[in-house]
Protein chains: 2
Amino acid sequence: MSDWTTYSKEELLELKAETQKRYDEYKAKGLKLDLSRGKPGSDVLDLSNGLLGALDTYKSENGTDIRNYGVPTGLPEAKKLFSDLLGIPAANLIVGGNSSLTHMYNVFAFLHLFGPKGFAPWSKQKVKILCPCPGYDRHFTLTDDFGAEMVVVPLKEDGPDMDLVEKLAAEDESVKGIWIIPLYSNPTGGIISSEKAKRLASMKTAAKDFRIFWDNAYGVHHIWEKNTAPDILKLTAEAGNADRAYYFFSTSKINFPGGGIGLVAASEENVAELAAHYAKATIGFDKIIQLKTVKFFGNADGIVAHMERIAELLRPRFDHVLGTLHKEFSGTGLLTWTPPKGGYFVSVDTLPGCAKAVVALAKDAGVVLTGAGATYPHKADPNDSNIRIAPTYPDLDELEETMELLVLCIKLVSIDKLLEV
Amino acid sequence: MSDWTTYSKEELLELKAETQKRYDEYKAKGLKLDLSRGKPGSDVLDLSNGLLGALDTYKSENGTDIRNYGVPTGLPEAKKLFSDLLGIPAANLIVGGNSSLTHMYNVFAFLHLFGPKGFAPWSKQKVKILCPCPGYDRHFTLTDDFGAEMVVVPLKEDGPDMDLVEKLAAEDESVKGIWIIPLYSNPTGGIISSEKAKRLASMKTAAKDFRIFWDNAYGVHHIWEKNTAPDILKLTAEAGNADRAYYFFSTSKINFPGGGIGLVAASEENVAELAAHYAKATIGFDKIIQLKTVKFFGNADGIVAHMERIAELLRPRFDHVLGTLHKEFSGTGLLTWTPPKGGYFVSVDTLPGCAKAVVALAKDAGVVLTGAGATYPHKADPNDSNIRIAPTYPDLDELEETMELLVLCIKLVSIDKLLEV
């Protein structure tokens, strides 16, 4: 395709008229589609409907009556399931609750209220958290709830700009932590390299209580090929910084976001500290869903096989999005993107200053996209160019319709931008 | 029965020899019984086994797919169920999670991290919390986790010593709150009077952000007769202190402690504030258990009927404990107690300085009681006399055996105490 940025004003106006006409046709349809959130579609949820079925026992393998109080860090069979799946020793796991985001929030709360063991509470200090961007909006709103300053660092294909991360962490003791989505990052779908993970684990930090918030949300969420996140708990331990990393995972995008299992993993010392606070806040997480999950999947291989079935449902959606982007924008100079390696999203960058206008135009035609800027702290994308496409929720027909419209919106806004020059 | 405190040394020694012989016989049996925690027994849990059954729909009445993300403050039908049961408008409820204790912890965390709206964070101030005693050990360990000072105030049959509470709250602006279990208090089984609730709701407090932590844990847990807790949200609103009370409730002792539903209620402003923080910590509580609970009970009357069935199972246990205490200790001068009006516990007071020894002696014979002192902050019962009996978990046979042993332990330790004089 030819490079639109080289077009004359006349050519652009012609393209605009044609594109506007097609956009208006779409708008007239009164669509109501949502491409905004990383929610699984009904077909994916249906794969787990067995979890809605009856449980034929209420005894854990250790004899515990799962209906009653107790077992605050998770049923042994649930710990084994995730230990096998993630390669993390059971002693390093706290399994429970339906949300890894809640574990993240709680870890932040404990750090701010009490400090990591042996250190001052973060609430009594200036706290800066490094935020590789584009990133996950809920990490940022969570961080912001605690009043921590969010420092944007560029996210590359293989992880954050580590030269900058090392510099910031080494020079400023108020830099207390960093968010990392190691595998199939939200929204770029990239994978952190082993080398960058090792640098994170071993780098010198001015803050003695620097922490890595390692959100392995897409740890087994392959689409085309299987990849594995670096083992951050092992890397930090080997570097003599065993307490540096908190590892988060959940089954929200494996079975049911509305009733799955979250977990947090860390060094045994960190787990003991977390467990001690959790023991003041609960007499035990819901154990019924834990036993149900174990019975439903059987073992870690059962989860792996389940994720392959999910991949079969997601692959055509991702292929369609990527195919459309390639067909419509390759060589146009209007849009850049790197195909994700897996996960839940496709991240695209428009010409500078176009993202908000694209999202607004799509909304006018009934298609909700993730808010422009959401992938940056305070929704402030300095280039106003990043848009996160979440193709998992709509079915393929809806997705096709939505993508056609999105293409028109990007073209229209881009033409206007080019006409400005 | 005659008053043992008037016995001669010889009489006491004779009683001691006889009691010791019977204690040794029990000890030889190698019992392993637990009267320590307020856990429901298997027969009570069995009444809710329907919750382990299959769910034949995954749609909420508002069309929400309960398997997916969303609905952060609870399903509308779950809110309606508890609204009807507790007489609290749905707009004042956040329903979700499996533990009211977790809501209490989170409210404390939010108050300490962020302060109530318009006030400074509690973590930046000296905080004292009034603790009517004897009280619930987990309230105290939770409070202590935040480093707040716990100020003991005597708990009377109709609620805390309000003259003292009013004085402390009026004089000291570091007095920020009070724990109240309004109905069938843990461990005394008393009920706060409407008059005392009204005084709590309307009293002058030096701290403008004074809070009542109203843990209605036993709100529908009748045994012999139905009683109702005063409506603290209404009373505080009427007194112009709408934001003063946080109300907690759960189904842990209605259906399953290992998989029930917790809730927090408050003024609409407080709910908005809590919900805003919760929205940063979760994309929605487990909705599957919420819909299951609604389907299982049908409506509030269904819960009331269910609690009557539980009462039928618990009544013989409580009758046995109270009958035994009456038969063995009435008029002896060794033990005082007030029969609970409902709930989950029987609270007794030994002669001063005996409780720890009684608990230790019972443990030697294989019977675990709630640790002596647990009903006071830092486990420090100034009289070393309060013991909480939790008769809900063992079956009647076990309970009979346990009570016989407990009687012997109380007698033995009391005789030794009388011989000291």
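Keep in mind that this is a model prediction, so the values were computed, not measured.

A word on the overall build of chain A
- Summing up its helical and strand segments, chain A has 13 helices and 13 strands in all.
- Scaling as 2.2 N^0.38, a compact globule of 421 residues should have a C-alpha radius of gyration of about 22 Å, and chain A matches this with 23 Å.
- By principal-axis analysis of the C-alpha atoms, chain A measures approximately 75 × 55 × 30 Å.

Some thoughts on the domain arrangement of chain A
Residue and element names in this part refer to chain A.
- Along its sequence, chain A is organised into domain 1 (4–44 + 304–420) and domain 2 (58–298).
- A separation of 31 Å is found between the C-alpha centroids of domain 1 and domain 2.
- Contacts between the two partners involve 25 residues from domain 1, matched on the other side by 27 residues from domain 2.
- Going through the elements one at a time, α11 (300–329), β11 (346–350) and β13 (386–389) are the ones with two or more residues in the side of domain 1 that touches domain 2.

Things to note about the packing of helix α3 (residues 76–86) of chain B against helix α10 (residues 287–297) of chain B
All names here are of chain B.
- The interhelical angle for the contact between α3 and α10, taken along N-to-C directions, is 50°, at an axis separation of 9 Å. One element, α3, and the other, α10, form an angle in the oblique class. The handedness of the crossing between α3 and α10 comes out as left-handed. Of α10, the residues touching α3 (which contributes Glu77, Ala78 and Leu81) are Gln290, Thr293, Val294 and Phe297.
- In terms of residue class, the contact of α3 with α10 is built from four nonpolar, two polar and one charged.

Some remarks on the pairing of strand β8 (residues 245–250) of chain A
Residue and element names in this part refer to chain A.
- By the criterion of burial, β8 is predominantly enclosed, with six of the six residues buried.
- Along β8, one buried face is formed by Ala245, Tyr247 and Phe249 and the opposite face, lined by Tyr246, Phe248 and Ser250, is buried too.
- Across four bridges, the pairing between strand β7 (residues 211–215) and β8 is parallel. If you follow aspartate 215 over to β8, its bridge partner there is phenylalanine 248.
- For the crossover that starts at β7, traverses helix α8 (residues 232–238) and ends in the parallel β8, the hand is right-handed.
- The pairing of β8 with strand β9 (residues 262–265) spans four bridges and is classified as antiparallel. By the bridge assignment, serine 250 is partnered in β9 with glycine 262.

Considering the relation of the copies chain B and chain A
- Superposing chain B onto chain A takes a rotation of 180° plus a shift of 0.0 Å along the axis, which leaves an RMSD of 0.0 Å. The operation mapping one copy onto its partner corresponds to a two-fold rotation axis. Judged by C-alpha distance, B:Ala54 is the residue of chain B that lies nearest the rotation axis, at 2.1 Å.
- An overlap of 100% is found between the interface residues of chain B and their copies at the interface of chain A, pointing to a shared contact surface.

Comments concerning the sheet that holds strand β11 (residues 346–350) of chain B
All names here are of chain B.
- An order of β10-β11-β13 is seen for the three strands of this open sheet, with the pairing classed as antiparallel. Bordering the open sheet on either side are β10 (335–337) and β13 (386–389), each of which pairs with just one other strand. In this sheet, adjacent strand axes meet at a mean angle of 30° when their direction is disregarded.
- Direction of pairing for β10 relative to β11: antiparallel, over a ladder of three bridges. From the neighbouring strand, leucine 335 faces β11, where its bridge partner is threonine 350.

Considerations on the interface of chain B and chain A
- With 43 residues of chain B at the interface, the matching set in chain A holds 43 residues.
- When grouped by side-chain class, the residues that make up the side of chain B that touches chain A number 21 nonpolar, 14 polar and eight charged.

Rules used in this analysis
Residues numbered from 1 in each chain as written. Chains lettered and ligands numbered in written order. Predicted model: local features only at pLDDT ≥ 70, side-chain atom pairs only at ≥ 80, totals over all residues. Helix = DSSP H or I, 4+ residues; strand = E, 2+ residues; numbered from the N terminus. Rg over C-alpha atoms; globule rule 2.2 N^0.38 Å. Domains from an automatic or database assignment. Contact = placed C-beta atoms within 7 Å. Axes fitted to C-alpha atoms, helices over the stretch in contact; angles between N-to-C directions. Parallel < 35°, antiparallel > 145°, perpendicular 65-115°, else oblique. Left-handed = near helix turned anticlockwise from the far one by under 90°. Nonpolar A, V, L, I, M, F, W, Y, C, P; charged D, E, K, R; others polar. Buried ≥ 20, exposed ≤ 12 C-beta atoms within 10 Å, placed from the backbone. Pairing = 2+ DSSP bridges. Right-handed = clockwise from strand over helix to strand, strands pointing away. Least-squares fit on C-alpha atoms with pLDDT ≥ 70 in both.

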